[in-house]
Amino acid sequence: MATSSPENAPQAVLSARGLRRDFSGFVAVRDVDLDVHHGKIHALIGPNGAGKTTVFNLLTKFLQPTAGTITLDGHDITRAPPAKVAQMGMVRSFQISATFPHLSVLDNVRVALQRPDGLARKFWRSLSALDRLTPRAEELLGAVGLDDAKHRLAADLSYGRKRVLEIATTLALDPKVLLLDEPMAGMGHEDVGAISKLVKSIAANRAVLMVEHNLSVVADIADWVSVLQRGQVIAAGDYDTVSNDADVRVAYMGVEHA
């Protein structure tokens, strides 16, 4: 039977138990258990249509579960609205991943920093109020390797560096749990390597749950892997464990044991 987390692991930052979602009689997610731990990268993998995006939508409360419970830092968030969940420290990359193409890289991060700082509610204030956010914005850009591009327009960045900027704006919210939906999608080999290193560094002081189709990336950086098939977790463990699981080889990779 699939387990949601390693034995003897500390309490998870994000947990789901018995998570289920029905759509007009169709069960998209069924009895999913999931634990995501601080300082760890948890990968959610599976074939197209397995229910990965639905699970992400349930965890971030863009969908309400038909059954089951979700806890964040020990607090029941099963019926909490998305904004409340974000305020509590769980952020999904796509929520703020749309950068402003005609603003500089630095200004994109300064705008993202308004929300935790509270300036976003003070819309009557001068743009100069953002100046005090500059040191933190520059710190974030340095952490993700974009300090050399801070004065460039976001539109002028390469695709890979735009994704890095999106991650920087996500980190501006200082999340406890970061959900990344296919962060390597559409990238060349060089960019994949750079983003992989970045995700590993990000996970040093927060929990990361990511959906990723690149199994080489999963093998390289994931501490724990949950495999979905038809809305159910069919295997969980480290990459070596799940990649050698008979059900996974048939359902996900289309290969049966010899």
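Draft legend 1. Representation of the overall build of the protein. Counting secondary structure elements, the protein contains nine helices and 10 strands. Among the 258 residues that make up the protein, the fraction classed as buried is 49%. Sequence separation of at least 24 residues holds for 63% of the intrachain contacts in the protein that already meet a minimum separation of 6. For the protein, the accessible area works out to roughly 12,500 Å², and carbon and sulfur atoms hold 50% of it.

Draft legend 2. Structural context of the sheet that holds strand 1 (residues 14-23). Spatially, 2-1-4-5 is the arrangement adopted by the four strands of the open sheet, whose pairing is antiparallel. For this open sheet the edge positions go to strand 2 (26-36) and strand 5 (75-76), each flanked by a neighbour on one side alone. Pairing geometry for strand 1 and strand 4 (residues 67-72), over five bridges, is antiparallel. Bridge pairing links A16 to I70 in strand 4.

Draft legend 3. Representation of helix 5 (residues 159-171) within the structure. Its 13 residues place the ends of helix 5 19 Å apart at the C-alpha level, agreeing with the 18 Å of an ideal helix rising 1.5 Å per residue. The buried fraction of helix 5 is high, at 10 of 13 residues.

Draft legend 4. Looking closely at the side chain of S104. By the secondary structure assignment, S104 is in the loop between strand 6 (90-92) and helix 3 (105-117). We classify S104 as buried; its relative accessible area is 13%.

Draft legend 5. Broad picture of helix 6 (residues 189-202). Compared with the 20 Å implied by 1.5 Å per residue over 14 residues, the 20 Å span of helix 6 between its first and last C-alpha is a close match. Taken residue by residue, helix 6 has V192, I195, S196, L198, V199 and I202 as its buried positions. All buried residues of helix 6 fall inside an arc of 165 degrees around its axis, so they share one side. Of the exposed residues in helix 6, those oriented more than 90 degrees away from the buried face are H189, E190 and K197.

Draft legend 6. Structural context of the sheet that holds strand 3 (residues 41-45). Here we have six strands laid out as an open sheet, ordered 6-7-8-3-9-10, and mixed in their pairing. In this open sheet, the two edge strands, each paired with only one partner strand, are strand 6 and strand 10 (232-237). Sheet twist, expressed as the average angle between the axes of neighbouring strands with direction ignored, equals 15 degrees. Here four bridges tie strand 3 to strand 8 (residues 207-211), and the two strands are oriented parallel to one another.

Draft legend 7. Summary view of the side chain of E212. Following the sequence through the fold, E212 ends up in the loop between strand 8 and helix 7 (215-221). At 7.4 Å, R163 is the nearest oppositely charged side chain to E212, a buried residue that forms no salt bridge. Of note is the side chain of E212, whose polar atom sits 3.3 Å from the backbone nitrogen of M184.

Draft legend 8. Region of the structure containing the nonpolar core. Counting 46 residues, the largest nonpolar core has V109, L146, L165, V199, V208 and V225 as the members making the most contacts within it. If near-sequence neighbours (up to four positions away) are discounted, L165 is found in contact with T99, V105, N108, V109, L141, L146, A154 and L157. If you look at the next biggest cluster of nonpolar residues, it comprises 30 residues, including V55, V85, L179 and A207.

Draft legend 9. Just the pairing of strand 7 (residues 177-181), in detail. Buried residues dominate strand 7, accounting for four of its five residues. Alignment of strand 6 against strand 7, held across three bridges, turns out to be parallel. What sits directly across from V91, in strand 7, is L178. The pairing of strand 7 with strand 8 spans five bridges and is classified as parallel. Counterpart to D181 in the pairing with strand 8 is V211. Crossover handedness for the path strand 7 to helix 6 to strand 8: right-handed.

Draft legend 10. A look at the pattern of salt bridges. Taken as a whole and judged by the stated rule, the model has 11 salt bridges. Put simply, R92 and D181 hold a salt bridge, and the shortest N to O gap is 3.0 Å. Separated by 89 residues along the polypeptide, R92 in strand 6 and D181 in strand 7 bring together distant segments of the chain. For D181, a relative accessible area of 21% corresponds to the partly exposed category. For E166, the salt bridge identified is with R163, shortest N-O distance 3.1 Å. With E166 and R163 both in helix 5 and three residues apart, this pair spans about one turn of that helix. The class of E166 is buried, set by a relative accessible area of 18%. Salt bridges sharing partners connect three or more residues here, namely D107, R110 and D131.

Each value, and the rule that gives it
- Residues numbered from 1 in each chain as written.
- Predicted model: local features only at pLDDT ≥ 70, side-chain atom pairs only at ≥ 80, totals over all residues.
- Heavy atoms only, no water.
- Helix = DSSP H or I, 4+ residues; strand = E, 2+ residues; numbered from the N terminus.
- Buried < 20%, exposed > 50% of the residue type's maximum accessible area, 1.4 Å probe, protein only.
- Contact = heavy atoms within 4.5 Å.
- Areas by Shrake-Rupley, 256 points an atom, 1.4 Å probe, with all protein chains shown as cover.
- Pairing = 2+ DSSP bridges.
- Expected span 1.5 Å × (residues − 1).
- Arc of directions from axis to C-beta.
- Axes fitted to C-alpha atoms, helices over the stretch in contact; angles between N-to-C directions.
- Lys, Arg positive; Asp, Glu negative; His and termini not counted.
- Salt bridge = Lys/Arg side-chain N within 4 Å of Asp/Glu carboxyl O.
- Polar contact = N/O pair within 3.5 Å; in protein donor to acceptor, adjacent residues only side chain to side chain.
- Core = buried A, V, L, I, M, F, W, Y, C linked by side-chain atoms within 4.5 Å.
- Right-handed = clockwise from strand over helix to strand, strands pointing away.

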